[in-house]
Amino acid sequence: MAQKDAKTIRAELAMPFAPEDLEWRIQYADEKKSRGIVVPYVTNRAIQSRLDDVVGVDGWYNDYKPWHGANKKEAQICGIAIYFEERGGFITKWDGAEDSDIEPVKGGLSDSMKRAAVQWGVGRVLYSMTDPVWVNIEPRGRSWVIKRGERPTMDSAYLALLNKLKLQPAPPIGAQSELTPRQAEGASGSSAPAPAAGQEKTAQQPERKSAPTYECIVRAAMRQKGMTSVSTMVALDYPDGKGISAYARGEHPDLVPGAKLASVKLVTRKQDTVVFYVLEAYQVVGTQQAA
């Protein structure tokens, strides 16, 4: 890998992550324990992949040390070292976290690495999210978890922050190859099949005109330009009130707010503990008129 100067390394490490590379934790629950405020964190796998991509697999390493504070919970300290050719060696930045209640040491190691990564600018933009993000929560065991179906709310809040800061998220780590929609030749995003043999339109067989039907409407769309690829994230609204966030590989100028989509094909992908949707095919059949 070609050597980079410190300014380039800093900029590439600080690039905002895709929503799929974030995990969310409940920070506060209301009195009824039915709603809670959640905060985002970058997954450790995404941090490791980011370091590999920016400085190379041989250009960084981490180190851990246990820390015992007086009358305090035991903690783990993590140091992330990055090699700088201009300095002729590694520079290490440290941070730590207390052991967690579940899998204590493992949780402490994981959290301490996340904090050490922030010292290098990785995921630091998340500290700009000062507006509370409320979601529905439910009890599980002696604790509470975020209800299923809340992911679009959290993703939308994160993307709104990036839009406010005029930043674009990187493509999802490890999922770029999964985000290739199958498109009909000559039609962006269209998955409509060609007419079968013998069924071509003729003057004697006039086209049957009917009001186009659609399955969902695009509420928001954002282009995500990475270092080597481009993807598009869309928020889709369905007539039953259900909202879904999905990704499609490439630029899709026809996916604009208000676009009505039919023949929608969504598939699920899983990365770490995050399940997300990929928009593999669709057909634009109209545009919702502004009120």
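Residues numbered from 1 in each chain as written. Predicted model: local features only at pLDDT ≥ 70, side-chain atom pairs only at ≥ 80, totals over all residues. Heavy atoms only, no water.

Student: Mind laying out the confidence of the model for the protein, listing which residues take part and the relevant values?
Tutor: Averaged over all residues, the pLDDT of the protein equals 78, while 75% of them reach at least 70. Across the protein, strand S2 (residues 35–42) holds the top mean pLDDT of 95, while helix H3 (residues 104–119) sits lowest at 76. This stretch, residues 101–106, has a pLDDT under 50; its non-local contacts, to residues over four places away or in other chains, come to four contacts. Ignoring residues within four places in sequence, the model shows residues 174–211, a span with pLDDT below 50, making 45 contacts including any to other chains. (pLDDT = per-residue confidence, 0-100. Helix = DSSP H or I, 4+ residues; strand = E, 2+ residues; numbered from the N terminus. Contact = heavy atoms within 4.5 Å.)

Student: Please set out the pairing of strand S1 (residues 22–29) residue by residue, giving values where relevant.
Tutor: One ladder, built from seven bridges, connects S1 with S2; its direction is antiparallel. Of the residues in S2, the one forming a bridge with isoleucine 26 is valine 38. Between S1 and S2, which follow one another and run antiparallel, lie five residues, and lysine 33 among them has a positive phi close to 55°. (Pairing = 2+ DSSP bridges.)

Student: So what's going on with the sheet that holds strand S3 (residues 60–67)? Residues and values would help.
Tutor: As summarised here, the arrangement of the three strands in space is S3-S4-S5, forming an open sheet in which the pairing is antiparallel. Edge positions in the sheet fall to S3 and strand S5 (89–98), since each has one partner strand and no second. In this sheet, adjacent strand axes meet at a mean angle of 20° when their direction is disregarded. One ladder, built from eight bridges, connects S3 with strand S4 (residues 75–84); its direction is antiparallel. Residue pairing for S4: asparagine 62 is matched across the bridge by isoleucine 80. Lying over the sheet, helix H2 (residues 44–55) contacts S3 and S4, oriented at roughly 140° with respect to S3. (Axes fitted to C-alpha atoms, helices over the stretch in contact; angles between N-to-C directions.)

Student: Quick rundown of the nonpolar core? Include the residues and the values.
Tutor: By size, the foremost hydrophobic cluster in this structure holds 39 residues, and its most contacted members are Leu13, Trp24, Ile80, Ile82 and Tyr158. Counting only elements with at least two residues in this core, the list comes to helix H1 (6–13), S1, S2, H2, S4, H3, strand S6 (133–140) and helix H4 (151–164). Ranked by size, the runner-up nonpolar core spans 14 residues in total, among them Tyr238, Ile244, Leu255 and Ala259. (Core = buried A, V, L, I, M, F, W, Y, C linked by side-chain atoms within 4.5 Å. Buried < 20%, exposed > 50% of the residue type's maximum accessible area, 1.4 Å probe, protein only.)

Student: Which residues make up the side chain of lysine 114, and what values go with them?
Tutor: By the secondary structure assignment, lysine 114 is in helix H3. On the accessibility criterion, lysine 114 (9% relative accessible area) is buried. Discounting residues that sit within four places of it in the chain, lysine 114 has contacts with Glu23, Arg25, Val42, Asn44 and Ile47.

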